[in-house]
Structure formats: structure tokens, C-alpha cells
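Coordinate inspection notes
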Amino acid sequence: REGDKNKMASLIEEKIVPHFDFDRITRLVVGKSWREATPEQKQALVDQFRTMLVRSYSAAYTTYSQIAIDVKPLKVAPNEDDVTVQSQIKLPGGAPPVNVDYAMFKTNADWKVYDVKVDGISMVTTYRSTFQDEIRKGGIPGLIQTLADVNAGKIAAPSVSTTK
């Protein structure tokens, strides 16, 4: 991908995004405030959060080359509908590997990711704290505007807590 963020974003959109349930992820991240949002606001939240995540992950992955991803074996019982797929990203140059776990649920057609834990830190929990701060400041419209401003490059992404 030669460090090209746009190429990486296209690759993520094509290969990774279809396996994520962004509606569920956004609902979990927004938390109890989700019920207060109109259908239009909910869709705007999903769209803006998805765009922010794709951009941030494409930027992160373009900083590395020669990474290897080791997906750990998983046994799923026929009646299971919620699993965690464990993986490890091996970075070049002797850097310590990064553990990445994907919480997934079974839909009628396939499995979808609804949370990602990087070295034990949940994306949902991390963003929930940050989004609640934004909602306290400006309500759901304020959160949507903040995400839109981040995606337009007008402001930096809100800082997220990295506590477990």
C-alpha cells in the first residue's frame, strides 16, 4: 500500500468493513443516549463514526510495512452465537506484538464484529467514555458535529481514555 492512506482506506472498506456491524458498535459506544437520538441522528452517528474509524485505522496501518497477522484457532459450538476471535499483529524490527481480539456475534447469514480489543483495551468502552463527554457538552447534535469536524480534518479526534 506504499504508505498511501487512501489506498489503505479503500482496502479496509472492501475487505474489513463488511465484517463489522457499525450500527451495533455505534449503539454500544453511544450507550444510553442512543435512545434519545432520532432515526436521522442515529444514521448520522453511524456514518460519521464509521468514517472516523476507517480513517484512523488506515492511517495507523500505513505507518507499518511487513506486518504479519496471526489468527488463533477457534472452535465454535453449533449453538454459540457470540465468540471472541484472538489474533496477534507481529510488527517488524523486533517490536512487541500487539494482541487484537474481535468480539463477534452470529447473524442469520454470517458473523459480524461488534467490538475490538487491542492489548485488552476495548474500543467500545474507550469511545463510550469520550462520546459521553461530547454528549454532555453538546448533546447528540454536538457529538455528530464533532465527528463530522474530525472527518473533515477541521479538528483532531477527541482524545480517548486507554484505561482498561
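A brief report on the enclosed structure follows. Note that the structure is predicted; figures quoted are calculated from it, not measured.

The rules we used
- Residues numbered from 1 in each chain as written.
- Predicted model: local features only at pLDDT ≥ 70, side-chain atom pairs only at ≥ 80, totals over all residues.
- Heavy atoms only, no water.
- Axes fitted to C-alpha atoms, helices over the stretch in contact; angles between N-to-C directions.
- Helix = DSSP H or I, 4+ residues; strand = E, 2+ residues; numbered from the N terminus.
- Parallel < 35°, antiparallel > 145°, perpendicular 65-115°, else oblique.
- Contact = heavy atoms within 4.5 Å.
- Nonpolar A, V, L, I, M, F, W, Y, C, P; charged D, E, K, R; others polar.
- Expected span 1.5 Å × (residues − 1).
- Bend = angle between axes of the 7 residues up to and from the residue.
- Pairing = 2+ DSSP bridges.
- Core = buried A, V, L, I, M, F, W, Y, C linked by side-chain atoms within 4.5 Å.
- Buried < 20%, exposed > 50% of the residue type's maximum accessible area, 1.4 Å probe, protein only.

**Here we look at the packing of helix α2 (residues 22–30) against helix α3 (residues 39–62)**
Working note: a packed helix pair is described by the angle between its axes plus the distance between those axes. Across the interface, α2 lies against α3 with an axial gap of 9 Å and an inter-helix angle of 100 degrees. By the angle between their directions, the pair α2 and α3 is classed as roughly perpendicular. Between α2 and α3, the residues in contact are Phe-22, Asp-23, Ile-25, Thr-26, Val-29 and Val-30 and Leu-45, Val-46, Phe-49, Arg-50 and Leu-53, respectively. Looking at the contact of α2 with α3 residue by residue, the classes come out as eight nonpolar, one polar and two charged.

**A look at the environment of Ser-33**
In this structure, Ser-33 sits in the loop between α2 and α3. Distance in space between the C-alpha atoms of Ser-33 and Gln-132 is 8.2 Å, their sequence separation being 99 residues. Setting aside chain neighbours within four positions, we find Ser-33 in contact with Gln-132, Ile-135 and Ile-140.

**Observations concerning helix α4 (residues 123–151)**
Over its 29 residues, α4 runs only 18 Å from end to end, short of the ideal 42 Å by more than 12%, given 1.5 Å per residue. Maximum bend of α4: about 120 degrees, positioned at Gly-138, with proline Pro-141 one to four residues after it. Positive backbone phi, at 80 degrees, marks Gly-153, one or two positions downstream of α4.

**Quick word on the sheet that holds strand β5 (residues 121–122)**
In a beta sheet, neighbouring strands are held together by backbone hydrogen bonds and run either parallel or antiparallel to one another. With respect to topology, five strands assemble into an open sheet ordered β1-β2-β3-β4-β5, the strand pairing being antiparallel. The open sheet terminates on both sides in strands that have one partner only, identified here as β1 (68–71) and β5. Two strands pair when backbone bridges link them, and strand β4 (residues 111–118) and β5 are joined in this way by two bridges, in the antiparallel orientation. Bridging from a neighbouring strand, Val-118 pairs with Ile-121 of β5.

**Considering the nonpolar core**
The biggest cluster of nonpolar side chains holds 39 residues, and the ones touching the most others in it are Ile-25, Val-30, Leu-45, Phe-49, Tyr-127 and Phe-131. Mapped by element, the contributors of at least two residues to this core are α1 (5–15), α2, α3, β2 (82–90), β3 (98–106), β4 and α4. Tallying contributions element by element places α4 first for this core, with 10 residues. Leave out the neighbours within four places in its chain, and Phe-131 touches Val-29, Val-30, Phe-49, Leu-143 and Leu-147.

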